[in-house]
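The lines below spell out each chain.
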Amino acid sequence: MGKFGIFQYFRDQWKTLPVYSSDLGSKTTMVVGSNVGLGLEASVHLARMRPRMLFPTYRDEEKCERTLLMQRTGDDGSGITPFPLELSSFESVRALAATFAAESRSNDDGLNVLIVNAGGFVREHIKTSDGWEVTLQVNYLSMVLLSILMLPHLVKASSPESPSRLVVVSSLGHYFGGAKFEGAAQWESVLETMNDEKFCRNSADRYNVTKLLEVMFVRELAARLPTPTPVVACTVHPGFCRSNLFRDLDSKWYTRLLIPLAAALFSARTSEEGSRTLIHAAIGSDELAMHGRYLSSCRVTEESDYLFTPEGKSFSGRLWTETIDALSKVDGRVPDIVKQYLRVD
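Residues numbered from 1 in each chain as written. Predicted model: local features only at pLDDT ≥ 70, side-chain atom pairs only at ≥ 80, totals over all residues. Heavy atoms only, no water.

Engineer: Give me helix H2 (residues 37-48): which residues, what numbers.
Structural biologist: With 12 residues, H2 ought to run about 16 Å at 1.5 Å a step, and its terminal C-alpha atoms sit 17 Å apart, in line with that. Counting buried positions along H2 yields 11 of 12 residues, so the element is predominantly enclosed. All buried positions along H2 are accounted for by Gly37, Leu38, Gly39, Leu40, Glu41, Ala42, Ser43, Val44, His45, Leu46 and Ala47. (Helix = DSSP H or I, 4+ residues; strand = E, 2+ residues; numbered from the N terminus. Expected span 1.5 Å × (residues − 1). Buried < 20%, exposed > 50% of the residue type's maximum accessible area, 1.4 Å probe, protein only.)

Rendered as structure tokens:
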């Protein structure tokens, strides 16, 4: 079992992370959130390894970084196809899945690597057009929806010698998320309770909770995938990085001063350094040891203690059931995929 420790934190932050180099000429990859920060740097790393296809996603046309990827990697762009994706919209997730399915049919191709870089940190409690608190939807619900809809493509591309990879970008903040679940056994609905403004008035709490939900989802998914698994699923903490995660806080003058100060005091990594942890999870060796696990600084690390308590196990199971039920109403493919590809409780 694991807890946050300040000394371990600095040991991890100061660790030199490996830079991977491989021939990905037979692989198809996708990186969510490739316009800036970790997602962009992960896409650069992958593009340099010349995958068969790289699908970076972007929030809007102006933020598409295909040209930048070509400039930084010397790629002619023929293997790079950007897809629009806005995680605060279920319809956008569904549209991406439909577009990829059409692309996959035309190329008789699957998906070897999916890196879901979902990291919204929003100051205010805001609801999306789908009716969910935006951090809960972006970081968790849309991440799950995308992962489930892409699961058939991940399974299609896998082989016994080379299972596909699902990498979900989480955070050490997940260690603090369990504190918000006191009394959860009495909640009528875990999702509806977390969606209520009274549940989390603090943006950091909302972020930490969703990062714990991501870890729960991957653990539950891994437990339901067949053995041997066709898809290795894991969560990754990239470290504290200088990225655009806190861009919503820049509207306040004091946060514009505090964020760079915190980055210096807490030895923040560059986005490129942090992205190496994503690449390790996506193509590194000993993949079966990663399955269902949480990784930090390119090694398997113990998850939050809360996950191993009776309360945590019960919460995780309820969360899975409620999440699949909620997303089945969003897209009718979800229950069919779960039934076909996963073990049923």
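Right, picking up where we left off after that structure.
Engineer: Describe the packing of aromatic side chains, listing the residues and the values that go with them.
Structural biologist: Evaluation of the coordinates by the stated rule reveals 12 aromatic pairs. Ring geometry for Phe181 against Phe199: centres 6.4 Å apart, planes inclined by 10°, an arrangement best described as stacked. Of this pair, Phe181 sits in the loop between helix H6 (174-177) and helix H7 (190-195) while Phe199 sits in the loop between H7 and helix H8 (203-224), and the two are 18 residues apart along the sequence. Phe199 shares its class with Phe181; the two are buried. Seen from their ring centres, Phe181 and Phe315 are 4.1 Å apart, and the 20° between their planes marks the pair as stacked. Of this pair, Phe181 sits in the loop between H6 and H7 while Phe315 is found in helix H12 (residues 310-330), placing the two residues 134 residues apart along the sequence. A residue is classified by how much of its surface remains accessible, and Phe181, at 3% relative accessible area, is buried. Grouped by ring-pair contacts, the aromatic residues Phe181, Trp187, Phe199, Tyr306 and Phe315 constitute a single cluster. Of note, Lys180 hangs over the ring of Phe199, and the distance from its end group to the ring centre comes to 5.8 Å. (Phe/Tyr/Trp six-rings, centres within 6.5 Å; stacked < 30°, edge-to-face > 60°. Lys NZ or Arg CZ within 6 Å of the ring centre and 35° of its normal.)

Engineer: Go over the pairing of strand S4 (residues 113-116), please, and point to the residues and values.
Structural biologist: The side-chain alternation of S4 yields two buried faces, one formed by Val113 and Ile115 and the other by Leu114 and Val116. Sheet topology places strand S1 (residues 28-31) next to S4; three bridges connect them, and they run parallel. Directly across from Val31, in S4, lies its bridge partner Ile115. As judged from the four bridges shared by S4 and strand S5 (residues 164-169), these two strands associate in the parallel manner. Each residue of the ladder has a partner; that of Val116, found in S5, is Val168. (Pairing = 2+ DSSP bridges.)

Engineer: Describe in detail the nonpolar core, supporting the description with residues and values.
Structural biologist: Formed by 70 residues in total, the largest nonpolar core has its most connected members in Tyr140, Phe181, Met194, Leu213 and Phe315. The biggest single contributor to this core is helix H5 (residues 134-157), with 14 residues. In this view, Met194 contacts Leu136, Phe181, Trp187, Phe199, Val209, Leu213, Phe315 and Leu319; residues no more than four positions away in its chain are not counted. Core analysis: the second largest hydrophobic core is formed by 24 residues, Val31, Met49, Leu69 and Val236 among them. (Core = buried A, V, L, I, M, F, W, Y, C linked by side-chain atoms within 4.5 Å. Contact = heavy atoms within 4.5 Å.)

Engineer: If you had to explain a nonpolar patch on the surface to someone new, which residues and values would you point to?
Structural biologist: Taken together, the side chains of Phe4, Ile6, Phe7 and Phe176 make up a nonpolar region of the molecular surface, amounting to roughly 410 Å² of accessible area. With respect to the element layout, Phe4 can be found in the segment before helix H1 (6-13). Judged by relative accessible area, which is 33%, Phe4 ranks as partly exposed. (Patch = residues over 30% accessible without salt bridge, like charges linked within 9 Å, V, L, I, M, F, W, Y side chains within 5 Å. Areas by Shrake-Rupley, 256 points an atom, 1.4 Å probe, with all protein chains shown as cover. Salt bridge = Lys/Arg side-chain N within 4 Å of Asp/Glu carboxyl O.)

Engineer: Could you give an account of the pairing of S1, naming the residues involved and the relevant values?
Structural biologist: The two faces of S1 match: Thr28 and Met30 on one face and Thr29 and Val31 on the other face are all buried. As defined by bridge partners, S1 adjoins strand S2 (residues 53-58) across four bridges and the pair is classed as parallel. Its bridge partner lying in S2, Thr28 is registered against Met53. On the question of chirality, the crossover connecting S1 to the parallel S2 by way of H2 is right-handed. (Right-handed = clockwise from strand over helix to strand, strands pointing away.)

Engineer: Tell me about the packing of H2 against helix H10 (residues 271-283), residues and numbers included.
Structural biologist: One can describe the packing of H2 onto H10 by two numbers: an axis separation of 8 Å at closest approach and a directional angle of 65°. Relative to H10, the crossing made by H2 is right-handed. In this structure, H2 contributes Gly37, Leu38, Glu41, Ala42, His45 and Leu46 to the contact, and H10 contributes Ser271, Glu272, Gly274, Ser275, Arg276, Leu278 and Ile279. When the residues that make up the contact of H2 with H10 are grouped by side-chain class, the tally is five nonpolar, five polar and three charged. (Axes fitted to C-alpha atoms, helices over the stretch in contact; angles between N-to-C directions. Left-handed = near helix turned anticlockwise from the far one by under 90°. Nonpolar A, V, L, I, M, F, W, Y, C, P; charged D, E, K, R; others polar.)

Engineer: Please set out the packing of H5 against H8 residue by residue, giving values where relevant.
Structural biologist: Packing of H5 against H8 leaves a shortest axis separation of 8 Å and a crossing angle of 20°. Of the possible angle classes, the one that applies to H5 and H8 is roughly parallel. Our pair here, H5 against H8, has a crossing hand that is right-handed. Contacts between H5 and H8 involve Thr135, Leu136, Asn139, Tyr140, Met143, Val144, Ser147 and Ile148 from the former and Arg206, Tyr207, Thr210, Lys211, Leu213, Glu214 and Phe217 from the latter. Considered class by class, the residues forming the contact of H5 with H8 number eight nonpolar, four polar and three charged. (Parallel < 35°, antiparallel > 145°, perpendicular 65-115°, else oblique.)

Engineer: Lay out the sheet that holds strand S6 (residues 231-237) in plain terms, naming residues and giving numbers.
Structural biologist: Taken in spatial order, the eight strands line up as S3-S2-S1-S4-S5-S6-S9-S10 in an open sheet, and their pairing is mixed. The two strands at the open ends of the sheet, each matched to only one other strand, are strand S3 (83-84) and strand S10 (299-301). Here H2 sits on the sheet and contacts S1, S2 and S4; the angle it forms with S1, its principal contact strand, is near 165°. Sheet contacts for H8: S5, S6 and strand S9 (294-296); angle to S6, the most-contacted strand, approximately 160°.

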